[in-house]
Amino acid sequence: MRGLRFRLAVSYLLFFAVLLGVLGLVFRGLLDKSFSDQSANLLEEEWGALKGYLKIEHQQDIWYFDRFDPEESLIVSRIQHVFILMDANGNIVDRSPVYSDGVLPTPTIAEVREVLRSTTPVITVVRGTDGVEYMIRAGVIPEERRAGSPEPKRDYYVAIGRPMMESNRTVRSFTWRYFALMPFILALAGIIGWILAARALAPVHSVAHAASRIRGSNLTVQIPPRGAGDELDQLIDAFNRMTARLKQSFDQIRQFSTDVSHELRTPLTGIRGQLEVALFTAETTEQYREAMVNALQDVEQLSNMVRALLMLSQAESGQLALQKAAVDLSQIAIDIADQYQIPAEAEGVTLNCTAPEPCWVEGDKTQLERLVANLISNGIKYTPERGTISVAVECRNEDALLLVRDTGVGIPQENLPHIFDRFYRVPGAHTSSKQGLGLGLSFVAWIVHAHGGKIDVDSTPGKGTTFCVTLRRMEAPPPDEGRPKEAVRRQFLIHE
Ligand code: ADP
């Protein structure tokens, strides 16, 4: 596998080579064309001169020019260098040595006739036996007749030409030099491409280098942005954000393990204390029993905590898959509120539930029941005697709202942002007098989040707290769907 730098440089070189090649061919073509046009123009000029100097009378060509004028002599001799005059039957009337020596082929009768028929000049390029290319211009010149001559005027085939030696040589030399120079230009381009590729990839190397330095203990690695605002800066930015997110997750995990060890230590110390009491100071069976009961309570707390932690970690790692179906949030609220009547009475608080109409949501019934149960049990826990917990379900347009309101101790404003954090318990006498792990609301937040909903909390210390869960409402399903049969439901609740 070649490196990216190599591939970049080679692609650049290939592209450059193809571009140079195409450019060379285009220039060569243009040069060729311009020489041909130039020759054609010169031939046209010579043709014009020819018409002035040449007269065909009585099937003979007669050249009228001043032999003592060097300029005219030069023009005529140039015209006569490649020259052939033929009649309509293909008989040669006059020709220059290039034709008589066979350097150029004598036109066939068919070619002669075609030119005589044509109204435009016929220009061809013919390679002579001397290896030189000639541009030939063939046309028609009518015979001159004196007025009153009985014979009709005849048309004659005339061809003149120019050797294209010079232009061919120039094109050849251009082509040769251009393509001979190409390897050097390409070598230079290759070196430049190699250097440019290295420069372009330098930030990628710094990202790779930074990534290789990352360890769980060293997540503060950040690559300074180059400020170019290009794709590589975007890569650097994405990388920096990724390490920041990783750092946050690692910090959370670290914090979590510290919290767990701390939380586990409390009941463990309790158990140890109770057992030590039993071992060293208890004398009567009653004292032993009391120590055992206390130790058992701590064990119970420990196992509750471990179970809750396990569930929370399963939930957050996606192992606790939701079994979504159409569920009636109102019915859930009524059922759970029913179940909590006895604990509420035991605490001396009133628990009521208002859910006047069915309110359907797409959700996991077990988890939604857990959600309602957690909020109600918190309400009961943190509401002093003679307080009230009101549960309500409201269907509002697109939303299904679950409100759990209590007239309890409330939560100070500064503690509100943390109550959904794992193990967070609002510091103070109200909380510490109650048993709890600080995990209930974390689980509530996860359930709401997993259902695509949101949870708001409004609280006034000393007056009470309101939790408001908003879920997306759905159309009521057909009558027998989403309504579990009574027997099944009972069985489910017993399991819970
Ligand atoms: P806990 O097991 O301590 O109840 P939660 O996660 O359910 O844990 O709640 C976190 C903290 O939020 C509680 O310790 C308590 O201080 C506070 N809290 C939760 N619900 C209420 C409420 N209804 N009234 C007052 N404080 C509450």
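The structure this text deals with has already been given above.
Residues numbered from 1 in each chain as written. Predicted model: local features only at pLDDT ≥ 70, side-chain atom pairs only at ≥ 80, totals over all residues. Heavy atoms only, no water.

### Side note on a nonpolar patch on the surface
Working step 1: Residues Phe15, Val18, Leu19, Val22, Leu23, Val26, Phe27 and Leu30 make up a contiguous nonpolar surface patch of roughly 730 Å² in combined accessible area.
Working step 2: Tracing the chain through its elements places Leu19 in helix H1 (residues 4–53).
Working step 3: A relative accessible area of 40% places Leu19 in the partly exposed class. (Patch = residues over 30% accessible without salt bridge, like charges linked within 9 Å, V, L, I, M, F, W, Y side chains within 5 Å. Areas by Shrake-Rupley, 256 points an atom, 1.4 Å probe, with all protein chains shown as cover. Salt bridge = Lys/Arg side-chain N within 4 Å of Asp/Glu carboxyl O. Helix = DSSP H or I, 4+ residues; strand = E, 2+ residues; numbered from the N terminus. Buried < 20%, exposed > 50% of the residue type's maximum accessible area, 1.4 Å probe, protein only.)

### Some details on the packing of aromatic side chains
Geometry of an aromatic ring pair is reported as the spacing of the ring centres plus the angle between the planes.
Working step 1: Evaluated as defined, the whole model comprises 6 aromatic pairs.
Working step 2: When the ring of Tyr178 is compared with that of Phe179, the centres are 5.3 Å apart and the planes differ by 70°; the resulting orientation is edge-to-face.
Working step 3: Owing to a relative accessible area of 17%, Tyr178 belongs among the buried residues under this scheme.
Working step 4: Ring plane angle 25° and centroid distance 5.8 Å describe the contact between Phe443 and Trp446, whose orientation is recorded as stacked. In this pair, Phe443 and Trp446 both sit in helix H12 (residues 440–450), 3 residues apart, roughly one turn of the helix. The two residues Phe443 and Trp446 agree in class, both being buried.
Working step 5: Linked through ring pairs, Phe174, Tyr178 and Phe179 together constitute an aromatic cluster.
Working step 6: Here Arg137 stacks its cationic end above the ring of Trp47, 4.2 Å away from the centre of that ring. (Phe/Tyr/Trp six-rings, centres within 6.5 Å; stacked < 30°, edge-to-face > 60°. Lys NZ or Arg CZ within 6 Å of the ring centre and 35° of its normal.)

### Points about the pattern of salt bridges
Working step 1: In total, this model carries 14 salt bridges according to the counting rule given.
Working step 2: Where Asp37 meets Lys33, a salt bridge forms, and the shortest distance between an N and an O atom there is 3.0 Å. With Asp37 and Lys33 both in helix H1 and 4 residues apart, this pair spans about one turn of that helix.
Working step 3: Judged by its relative accessible area of 36%, Asp37 falls in the partly exposed class.
Working step 4: Salt-bridge contacts for Arg137 lead to Glu44; the nearest nitrogen and oxygen are separated by 2.9 Å. With a gap of 93 residues between them, Arg137 in strand E6 (residues 133–142) and Glu44 in helix H1 connect regions that are remote in the sequence.
Working step 5: For Arg137, a relative accessible area of 5% puts it in the buried group.
Working step 6: Several salt bridges converge on common partners, so that one network encompasses Lys247, Asp251 and Arg254.

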